[in-house]
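# Descriptive structure summary
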Amino acid sequence: MSKQIGGRAVVIGAGIGGLAAGGALAPYFQRVVILERDRLPDVAEARAGVAQGRHTHGLLAGGLKALNEIFPGYRQALVEAGAIPIHAAQDVRYERADVGALPQRDLGISFLCASRPLIELVLRRQFQSLANVEIWPGCKVTEILSAKPARAVHGVRFEMKSGEAELLHADLIVDASGRPSLTIALLEALGIAAPAVTEIGIDINYTTAVVDIPAQAAHAWKIVRTDPDPPNPARYGVLIPVESGRWMVTICRHGDVERLDSWDKFLRACRDLITPTIYEAVRATKPAGELRHHGFPASTWRHFEKSAHLPRALLPIADSLCRFNPIHGQGMSSAALQARLLRYVLARASMSTDPIRRLQEDFLGEVGPLLETPWGMSANADLAFPDTRGVRPEDFEENMRRSAATFRAAVVDPVVHKAMVEVAQLLQPRTLLREPHIARRIEEVNAMA
């Protein structure tokens, strides 16, 4: 039995981050209430509050592991709902201009593929199976409430679909709303400086089609990822299997480009990738519905973890803290890992004389290193393109050379390949690739090149 530290915790947002955080909080509070502005469907369908919900999503092995620890049985429930098991890298065709396609080895790492709505639906059902939790859909939080002299939050104001405003008291508020406007507004009202922001301006546009997997399809892969060739124009292609025997195919391009508003244009964009793999897979198919479009201007890391004056009992998490370029598929898994960190921190804080303060301090003190791996990988990849906006670190060129050397070594050496995939799947920190036993193998392969 966990030691409870409060009466009610309120989570703003019922996305992956909010649901996972709510699951972590449940053993330590009498009640956990998630307030969500959207209507929440009983089936796997996209909702308005997740603008990119109709596009490809990746629940990486590290994120899946974290969710299964918070909600034992989640992985199996997702499989039973139709998710497709994937073995890395045996089932993945990963294509790059410098090394071609990486070897399809069985590295003993697995994850699942499904649509974002299904991933969220199954997670929501797991959350709702807990005895002391509630989700209130159709409730738009308009304000986080704080007593100004004490600089401690104590509740939220929200509007119901009827337009009626209500107040809800809370001993802890977790902002998993996706955009931290509520938290920023509170800081401004209290005269507290907003956190510093690191931003990588990418201006990507992506278009997604869902197609039925052809009956005659007999490929040696289940997933295709085709990376661009910087500094040439950025064109990514991703093909994943999802439930109901379909492929979800996304083309992602940087900058002010022509909208892919027809199937012919979409196919031409597939043909413009550095290899014809995705084009050959889908050229004889037709989309099962309309093409979907989404734009994403910038990755942002709001450094709440460095804020010395964040109001007591307030915790930004997931996209409210850090938003990643979606093409790298890290957002859901990063949110899950943050929720698992919250779970670990709660266990320690429950033994403290001031558990709410300890919880806030420890989470913010430890979340930075957790975010560094996904942020560093995606930022380096994005900054390789000249048009990307953002400050390139002093060792950027060395990082690029090291990354290229790692890919070259991964082609030859299964040990390096596994380490690289463990980092990419957020099972291990990025520092693993600099550990002496891995760095030595990378150097040895490149010395022979």
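Everything below is about the structure shown above.
One structure accompanies this document, and this report is about it. (Residues numbered from 1 in each chain as written. Predicted model: local features only at pLDDT ≥ 70, side-chain atom pairs only at ≥ 80, totals over all residues. Heavy atoms only, no water.)

## Re empty space enclosed by the protein
Applicable threshold: In this analysis a 1.4 Å probe is tested at points of a 1 Å grid over the protein atoms alone, and where it fits but cannot get out there is a cavity; an open set with protein on both sides within 12 Å along at least five of seven lines is a pocket; lining residues have an atom within 4 Å of a point. Grid points are joined across faces, edges and corners, and a volume is the space filled by probe spheres set on the points. When residue character is reported, Ala, Val, Leu, Ile, Met, Phe, Trp, Tyr, Cys and Pro are called nonpolar, Asp, Glu, Lys and Arg charged, and the others, Gly included, polar.
Taken as a whole, this structure holds 1 cavity of 30 Å³ or more when the rule is applied. What lines the largest cavity is a set of 13 residues, and nearest its centre among them are Glu 45, Ala 46, Arg 47, Pro 117 and Glu 120. Residue classes in the lining of the largest cavity are distributed as 7 nonpolar, 1 polar and 5 charged.

## Focus on the side chain of Arg 124
What counts, and what does not: Each helix is a run of H or I in the DSSP string that is no shorter than four residues. Each strand is a run of E no shorter than two, and both are numbered from the N terminus. Every residue pair with non-hydrogen atoms within 4.5 Å of one another is taken to be in contact.
Along the chain, Arg 124 turns up in helix α4 (residues 116-128). Sequence-distant contacts of Arg 124, defined by excluding residues within four places in its chain, comprise Leu 19, Leu 40, Pro 41 and Ile 135.

## Observations regarding the sheet that holds strand β13 (residues 223-226)
Heads up, the rule is: For two strands to count as paired, DSSP must find a minimum of two bridges between them. Orientation is described by lines fitted to C-alpha atoms, with helices fitted over the stretch in contact, and by angles between N-to-C directions that extend from 0 to 180 degrees.
The sheet built from 8 strands is open, its strands ordered β5-β4-β13-β14-β15-β12-β16-β18 with mixed pairing. Since the sheet does not close on itself, it has two edges, and those belong to β5 (100-101) and β18 (322-323), each with one partner. Relative to the sheet, helix α9 (residues 355-383) contacts β12 (197-212), β14 (235-242), β16 (292-302) and β18, its axis offset from that of β16 by approximately 125 degrees.

## Overview of the pattern of salt bridges
This is how it is decided: A pairing counts as a salt bridge when a side-chain nitrogen of Lys or Arg comes within 4 Å of a carboxyl oxygen of Asp or Glu.
Under the defined criterion, the tally for this structure stands at 29 salt bridges. Close ionic contact of Glu 143 with Arg 157 constitutes a salt bridge, the shortest N to O distance being 2.3 Å. You can see Glu 143 sitting in strand β8 (residues 139-147) and its partner Arg 157 sitting in strand β9 (residues 152-160), a full 14 residues away along the chain. The partner of Glu 372 in a salt bridge is Arg 430, and the shortest N-O contact between them spans 2.3 Å. Of the two residues, Glu 372 sits in helix α9 while Arg 430 sits in the loop between α11 (414-424) and α12 (436-448), which places them 58 residues apart along the sequence.

## A few points about the pairing of strand β4 (residues 92-96)
Of the strand pairs in this sheet, β4 and β13 are connected by 4 bridges, and their pairing is parallel. Within β13, the position partnered with Arg 93 by the bridge is Val 224. Note: β4 against β5, 2 bridges, orientation antiparallel. Looking at β5, one finds that Arg 96 is bridged to Gly 100. Turn length for the β4-β5 hairpin, with the two strands adjacent in sequence and antiparallel, is 3 residues.

## Side note on the sheet that holds strand β2 (residues 29-36)
Strand order in the open sheet formed by 5 strands is β7-β2-β1-β11-β17, and the pairing between neighbours is parallel. With one partner strand each, in any of the chains shown, β7 (133-137) and β17 (314-316) form the two edges of the open sheet. Direction aside, the axes of adjacent strands within the sheet are offset by 15 degrees on average. Alignment of β2 against β7, held across 5 bridges, turns out to be parallel.

## Topic: helix α2 (residues 61-70)
Our working definition: We call a residue buried when its accessible area falls under 20% of the maximum for its residue type, exposed when it is over 50%, and partly exposed in between, using a 1.4 Å probe and counting protein chains only.
For α2, the buried fraction is high: 7 of the 10 residues fall into the buried class. What α2 keeps buried is the set Ala 61, Gly 62, Gly 63, Leu 64, Ala 66, Leu 67 and Ile 70.

## Some words on the packing of helix α8 (residues 331-349) against α9
Which entries qualify depends on this criterion: For a crossing to be left-handed, the near helix must be turned anticlockwise from the far one by less than a right angle; the clockwise case is right-handed.
At a minimum axis distance of 9 Å, the contact between α8 and α9 shows a crossing angle of 145 degrees. As α8 packs across α9, the resulting crossing turns out to be right-handed. Together, Ser 334, Leu 337, Gln 338, Leu 341, Leu 342, Val 345, Leu 346, Arg 348 and Ala 349 of α8 and Pro 355, Arg 358, Leu 359, Asp 362, Phe 363, Glu 366, Val 367, Leu 370 and Leu 371 of α9 make up the contact between the two elements. Classifying every residue of the contact of α8 with α9 gives 12 nonpolar, 2 polar and 4 charged.

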